[in-house]
Amino acid sequence: MSKSSSNLRLGVNIDHVATVRNARGGDTPDPVRAALLAEQGGADGITAHLREDRRHISDKDIDALMDALSVPLNFEMAATDEMQRIALRHKPHAVCIVPEKREERTTEGGLEVAREENQLAHFIAPLREAGCRVSIFIAADPRQIDAAHRIGAQVIELHTGAYCDAHAEGDFATRDAELAKMREMATYAHDLGLEVHAGHGLTYDTVQPVAAFPEVRELNIGHFLIGEAIFRGLPAAIAEMRRLMEEARA
Ligand code: PXP
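Anyway, here's the lowdown on the structure attached to this text. Note that the structure is a prediction, hence the values are computed from the model and not measured. (Residues numbered from 1 in each chain as written. Predicted model: local features only at pLDDT ≥ 70, side-chain atom pairs only at ≥ 80, totals over all residues. Heavy atoms only, no water.)

With respect to unusual backbone geometry
A negative phi angle characterises most non-glycine residues, just as the trans form characterises most peptide bonds.
And step 1. Geometrically, the link from Thr28 to Pro29 is a cis peptide bond, its omega value of -5 degrees lying close to zero.
And step 2. Secondary-structure assignment places Pro29 in the loop between α1 (15-24) and α2 (31-40).
And step 3. In the Ramachandran plot, Arg54 falls in the positive-phi region, its phi being about 55 degrees despite a non-glycine side chain.
And step 4. Relative to the assigned elements, Arg54 resides in the loop between β2 (45-49) and α3 (59-68).
And step 5. Overall, Arg54 belongs to the partly exposed group, its relative accessible area being 22%.
And step 6. We note that His200 has phi near 115 degrees; this positive angle belongs to a residue other than glycine.
And step 7. Its place among the elements puts His200 in the loop between β7 (195-199) and α9 (207-211). (Helix = DSSP H or I, 4+ residues; strand = E, 2+ residues; numbered from the N terminus. Buried < 20%, exposed > 50% of the residue type's maximum accessible area, 1.4 Å probe, protein only.)

Details of the sheet that holds β2
Strand pairing in a sheet relies on backbone hydrogen bonds. The paired strands run either parallel or antiparallel.
And step 1. With parallel pairing, the eight strands of this closed barrel are ordered in space as β1-β2-β3-β4-β5-β6-β7-β8. Strand-to-strand twist across the sheet, computed as the mean angle between neighbouring axes with direction ignored, equals 25 degrees.
And step 2. As paired elements, strand β1 (residues 9-13) and strand β8 (residues 216-221) share four bridges and run parallel to each other. Counterpart to Gly11 in the pairing with β8 is Asn220. (Pairing = 2+ DSSP bridges. Axes fitted to C-alpha atoms, helices over the stretch in contact; angles between N-to-C directions.)

Let's talk about the packing of helix α4 (residues 81-90) against helix α5 (residues 117-129)
And step 1. For the pair α4 and α5, interaxial distance at closest approach is 10 Å and the crossing angle is 10 degrees. Comparing the axis directions of α4 and α5 gives the class roughly parallel. The hand of the α4/α5 crossing is right-handed. Counting all contacts with α4, which are made through Asp81, Gln84, Ala87 and Leu88, the residues of α5 involved are His122, Phe123, Pro126 and Leu127.
And step 2. Taken together, the residues that form the contact of α4 with α5 break down as five nonpolar, two polar and one charged. (Parallel < 35°, antiparallel > 145°, perpendicular 65-115°, else oblique. Left-handed = near helix turned anticlockwise from the far one by under 90°. Contact = heavy atoms within 4.5 Å. Nonpolar A, V, L, I, M, F, W, Y, C, P; charged D, E, K, R; others polar.)

Shape is all these values report; function is a separate question.
Here is the structure:
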């Protein structure tokens, strides 16, 4: 259930609280404390990405989040045997499968579902059987959406990174083209029976056009909110994001 008056949920990604903690190697700031504050501040769910190189979130963070949270955990992970074992041990509410490259600074593109359809179908089957909602992080491409549907994913998350990057670079023609593509693909996926989420790089400036897509049920936002929390505190940063989301939805 969304805490908002619309049916659009906000998942807050707390990875970068762990990034700051790990810069000094100690225990602070604690991502679990941030997650609980985000929950109080109006997050409908918490998102955390356990990367293979553990550059931010750690295994202990996932253990602690599973114990502490009363909102759902959306566990982002690469399609590896190690991550599958961890997900099956915890059985989080949702698992979002993302592509992962060691050398990237953040998740750069969507998953190539169409190319690895058989492996991914086998990979997600036990996760579904364990009761996790399986989401696939993809570009707004009908081939990838069709493949995500065929392998039995319940959710797709549209990668908003190219749209946000184009906005930041002032390339408004590309931004608008990316937005139009996502708009069309949100309807396409919804008509196939997939739940549609979106995220990556969203800010106060870019959230509203995406929040306005009626098919989108959840936005996952991290980096900008954690940065904004430095200036106005996490609950206030989240409250403003929610306000913009609600306004766009109205
Ligand atoms: N959704 C997915 C699948 C992601 O991988 C990320 C980044 O970890 C996000 C949303 C959040 O992106 P950002 O931190 O840029 O808001």
